[in-house]
Each structure stands twice: as structure tokens, then as C-alpha cells.
Amino acid sequence: MSQKFTLMACLGMLLSGCAMFTPATESRYVSADGTLQIRGELVDSTGVKIFVNENKVIDEHVSLLRGDGEFAGTFQGKRVSADCSTTGGRKLHATTCMVAVGAERVRLIL
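Residues numbered from 1 in each chain as written. Predicted model: local features only at pLDDT ≥ 70, side-chain atom pairs only at ≥ 80, totals over all residues. Heavy atoms only, no water.

With that out of the way, let us pick up the pattern of salt bridges. As enumerated under the stated definition, the model contains five salt bridges in all. Here Lys56 makes a salt bridge to Asp59, at a shortest N to O gap of 3.4 Å. Measuring nitrogen to oxygen at the nearest pair gives 3.1 Å for the salt bridge that ties Arg66 to Asp68. Three or more residues joined by partner-sharing salt bridges are found here, namely Arg28, Arg39, Glu41 and Glu54. (Salt bridge = Lys/Arg side-chain N within 4 Å of Asp/Glu carboxyl O.)

Rendered as C-alpha cells:
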């Protein structure tokens, strides 16, 4: 029993450690050195726009049926991806996007 508990505790710490590498922001992120700015907008509850250094790289819509979407674009030769999902509840239409620009990953809340 204690081996299972130890294993579960280690897995929990590993998963929580992975989450720490993806900073959660509201709708804007600026890298530590200030050279990379990632910003997101939600338009009419389904339209997702992602900007990198004020250049629009993604302009798509999450699915009305599923409330999610995976999108891609490019910025200065780097692949930009956004995996977005919309949730209901108290804050209607809160959309969260995991955005990756090259090796930089950030979670935006739109």
C-alpha cells in the first residue's frame, strides 16, 4: 500500500512540476527578456485571435458544438500553435488557449 502511495505522490509532483513550466496569464504574456509578446482575443464568444509581437498569426473559431479547436500559424519562420477550449459555468464562455511559439509555451485566458 505504501508503495502505491509513494508512486502516486511522485506522479502528482511530476505533473504539478510540468504545469509550472507553462505560465498562466490573462490574455497577454511577455517573455522575461521582453523580446516575445503573445496576446489573445476572444471575439463574439467563438472567434480566437492570437498575436505575436502585435502580428496576427491565428484568426479562427472554436467549434460551436464541442467548444474547442486546434489552430496553427507561423511567426518569423517559427510554428505557432494554439489548443483552445471554451467552458461554461459561472464565467460563461471563458476560453483558455495553450499557445506555443517555438519552444515558448503559455496559457492564455481570454
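Let us look at the pairing of strand β4 (residues 47–52). When a strand is regular, its side chains alternate between the sheet's two faces. Among the six residues in β4, five count as buried, and that is most of the element. The sheet contact formed by strand β3 (residues 37–43) and β4 spans six bridges and is antiparallel. Across the sheet, residue Gly40 finds its bridge partner in β4, namely Ile50. Hairpin connection from β3 to β4: three residues lie between these consecutive antiparallel strands, with Asp44 at a positive phi of about 55°. Taken together, the six bridges between β4 and strand β5 (residues 55–61) define a ladder with antiparallel strand orientation. Residue Gly47 lies in a different strand from β5, and its bridge partner there is His61. Between β4 and the antiparallel strand that follows it, β5, lie two residues; Asn53 among them carries a positive phi value of about 50°. (Buried < 20%, exposed > 50% of the residue type's maximum accessible area, 1.4 Å probe, protein only. Helix = DSSP H or I, 4+ residues; strand = E, 2+ residues; numbered from the N terminus. Pairing = 2+ DSSP bridges.)

Let's shift gears to the sheet that holds β3. Strands sit in the order β2-β3-β4-β5 across an open sheet of four strands; the sheet is antiparallel. Of all the strands in the sheet, the pair left with one neighbour each is β2 (28–30) and β5. When the angles between neighbouring strand axes are averaged without regard to direction, this sheet yields 15°. (Axes fitted to C-alpha atoms, helices over the stretch in contact; angles between N-to-C directions.)

What follows is about the side chain of Thr95. The topology assignment puts Thr95 in strand β8 (residues 94–101). Note on Thr95: relative accessible area 0%, which makes it buried. When sequence neighbours within four positions are dropped, the list of residues in contact with Thr95 reads Leu42, Val48, Cys84, Ser85, Thr86, Leu108, Ile109 and Leu110. (Contact = heavy atoms within 4.5 Å.)

One finds Ile38, Val48, Ile50, Val80, Val99 and Leu108 to be the most contacted residues of the largest nonpolar core, which totals 20 residues. Of all the elements in the fold, those that place two or more residues in this core are β4, β5, β6 (68–75), β7 (78–87), β8 and β9 (104–109). Not counting residues within four places of it along the chain, the set of residues in contact with Ile50 comprises Ile38, Arg39, Gly40, Asn55, Lys56, Val57, Ile58, Ala82, Val99 and Leu108. (Core = buried A, V, L, I, M, F, W, Y, C linked by side-chain atoms within 4.5 Å.)

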